[in-house]
Amino acid sequence: MSDQVTLLQAICATTYTVADMRRRLGLLQEGAEVALFNNQTTDVAAAIKTAITNRGKESDVVVMMEWEDAMFAQFTASNIRKRITALQQAVDALPIMTLYIPVAFPKKDLAAMAMWCREECAPQLLFDVRIDPKVAGGCAFVWNGTYHDFSFTAQSKKYPGIITEQLHTYA
Amino acid sequence: MNSYFTVELLIGTFLGLLLAMVILLVLQVRTTNKVNKLTYPAYEYVIEKAEHDAEKLIQEAQHKAQSIITEAQQSGAKTIADYTSQAKEIHSEYSSALHAQTESLEHTMQGISSEETAALKQVTDAAEDMIESQEKSILANVAKTNQSIEQLASKTEQEATESIAHLEEHVEEVGDMLEAQLKATDTAGQALLKNHIAALQGQADKQVAAYTDARIKLLDAHIEQLVESVVLEVLHMQLTPSEQASLAFKALKEAKEQHII
């Protein structure tokens, strides 16, 4: 169980969105199965990494290659199903914030936001990112089942007349 | 961009005010027509009644004066005719009496002497002188009577003139009174009309103010929508994804300050 927690913490340390988490878990499962159910495999960790490298996207591969070999080595042919299932259940139990953003943010910016949210809101929080151009100038999010809009449009509606007042000042 | 908004705002405001003025003008014209329709029959009736009364008074006065003058003329003519016939009768009586006496005297005195004839002639001359003096006296009386009749006629005419003048003064007083009443009615109507127009003006001002506020709010809402859409477009075009992420990060921090997360 402690290995399971350690594995989840390690994955969460470099994964901040639900989409990345599910894709990387799938890639991990696929790579492990390819490596473990191959009679020629001698080094399980190396074989899994190779399989992941051959099948995954570059962005995922770069992140997953930074995981320690011990994370991969704990998988065996007999426990891989059980571990992967438990891992998926643990991921499903993680706190999720649905985040609406106007454009796709760079990974580092999204990572910074996730890190801050994990410190301020909940550890191991994941973003469920949705693209919505209407929330430009800010963002919107669903937290604890409630939608909150902090976009420019929503903020301007909080202060009715401020735009026309500014226009009248210029006029 | 700012000037475009200003022109649009001015055009919208101008059109709104123009429409409100047209509505106000139509309301005022309708109100004036209604008031004229309501007050015109009363004015017309009062004026016609006053004219009718005045005409009736003048006709009565003229008729009365005419009847007085006619009566005076008839009375004078009758009196003169009576005196003239009386004088003629006296003259004819004296003439016939003198003629008869002269004839009797001539018959009587045919046989009397010349002295007696001369004496008789003297008596006859004296009688003629007396008759002439009596005739003069009668003529003087007739002239005096004519003068008194003329005085009576002039007095009657003067009284008729005074009566007509008095009636004219009375008619003038009635006319002044009617004119004053008409003026009072006109003043009251004007005050009523002013109050009515003021009330309508107040309602129209309120409607114009409400319409102006509604139009300004609608225009402001359109401007805000336009500005928001432009701002969104500018944000998408001018800001990099990293800058957008920075704004989103600030939004999350603000949510934290508001204890939403």
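Structure: above.
Residues numbered from 1 in each chain as written. Chains lettered and ligands numbered in written order. Predicted model: local features only at pLDDT ≥ 70, side-chain atom pairs only at ≥ 80, totals over all residues. Heavy atoms only, no water.

Asker: Hey, could you run me through the overall build of chain B in this one?
Answerer: Across its full length, chain B holds three helices and zero strands. Residue pairs in contact within chain B that sit at least 24 positions apart in sequence constitute 82% of those at least 6 positions apart. On chain B, roughly 19,200 Å² of surface is accessible, and the fraction owed to carbon and sulfur atoms is 60%. (Helix = DSSP H or I, 4+ residues; strand = E, 2+ residues; numbered from the N terminus. Contact = heavy atoms within 4.5 Å. Areas by Shrake-Rupley, 256 points an atom, 1.4 Å probe, with all protein chains shown as cover.)

Asker: It is not clear to me how unusual backbone geometry should be interpreted in this structure. Could you clarify?
Answerer: With a phi angle near 55°, Asn144 of chain A is a residue other than glycine that sits in the positive phi range. In this structure, Asn144 of chain A sits in the loop between β3 (139-143) and β4 (146-150). Within the chain, His259 of chain B stands out as a residue other than glycine whose phi angle is a positive 60°. With a relative accessible area of 71%, His259 of chain B lands in the exposed category. (Buried < 20%, exposed > 50% of the residue type's maximum accessible area, 1.4 Å probe, protein only.)

Asker: Explain a negative patch on the surface to me, please; I cannot follow it from the model alone.
Answerer: All names here are of chain B. Among the surface-exposed residues, Glu168, Glu169, Glu172, Glu173, Asp176 and Glu179 lie close enough to one another that they form a single negatively charged patch. With respect to the helices and strands, the residue Glu169 is situated in helix α2 (residues 114-238). Look at Glu169 and you get partly exposed, because its relative accessible area is 47%. (Patch = residues over 30% accessible without salt bridge, like charges linked within 9 Å, V, L, I, M, F, W, Y side chains within 5 Å. Salt bridge = Lys/Arg side-chain N within 4 Å of Asp/Glu carboxyl O. Lys, Arg positive; Asp, Glu negative; His and termini not counted. Charge placed at Lys NZ, Arg CZ, Asp CG, Glu CD.)

Asker: Sorry, what's going on with the environment of Thr53 of chain A here?
Answerer: Residue and element names in this part refer to chain A. Here Thr53 is to be found in helix α3 (residues 44-55). Here the alpha-carbon distance between Thr53 and Met64, two residues eleven residues apart in the chain, equals 8.9 Å. Not counting the four nearest positions on each side in its chain, Thr53 is found in contact with Val61 and Met65.

Asker: Would you mind going over the sheet that holds strand β2 (residues 126-131) of chain A with me for this structure?
Answerer: Adjacent strands of a sheet form backbone hydrogen bonds with each other and so pair up, either parallel or antiparallel. In space, the four strands of this open sheet follow the order β2-β1-β3-β4 (chain A), with mixed pairing throughout. Looking at which strands have only one partner, the edges of the open sheet turn out to be β2 and β4 of chain A. Averaged over all pairs of adjacent strands, the angle between strand axes in this sheet comes to 20°, irrespective of strand direction. Relative to β2 of chain A, strand β1 (residues 96-101) of chain A runs parallel, the two being bridged by six bridges. If you follow Leu99 of chain A over to β2 of chain A, its bridge partner there is Val129 of chain A. Sitting on the sheet, helix α3 (residues 241-257) of chain B is in contact with β1, β3 and β4 of chain A, with an inclination near 45° to β3 of chain A. (Pairing = 2+ DSSP bridges. Axes fitted to C-alpha atoms, helices over the stretch in contact; angles between N-to-C directions.)

Asker: Sorry, what's going on with the interface of chain B and chain A here?
Answerer: How large an interface is tends to be reported as the accessible area lost when its parts come together. If you look at the interface, chain B gives 29 residues, while chain A gives 40 residues. Taken together, both faces of the contact between chain B and chain A bury some 2,800 Å²; the carbon and sulfur share is 75%. It is Glu228, Leu252 and Ile261 of chain B that lose the most area in chain B upon contact with chain A, and together they represent 20% of the buried surface on that side. The interface formed by chain B and chain A includes two salt bridges. Glu120 of chain A is paired through a salt bridge with Lys256 of chain B; the nearest N and O atoms lie 3.9 Å apart. At the boundary of chain B and chain A, one finds five residue pairs in polar contact (both at pLDDT 80 or more). Among the elements of the structure, α1 (2-109), α2 and α3 of chain B are those that each provide at least two residues to the side of chain B that touches chain A. It is α3 of chain B that provides the largest number of residues to the side of chain B that touches chain A, a total of 13 residues. (Buried area = accessible area lost by both parts, 1.4 Å probe. Polar contact = N/O pair within 3.5 Å; in protein donor to acceptor, adjacent residues only side chain to side chain.)

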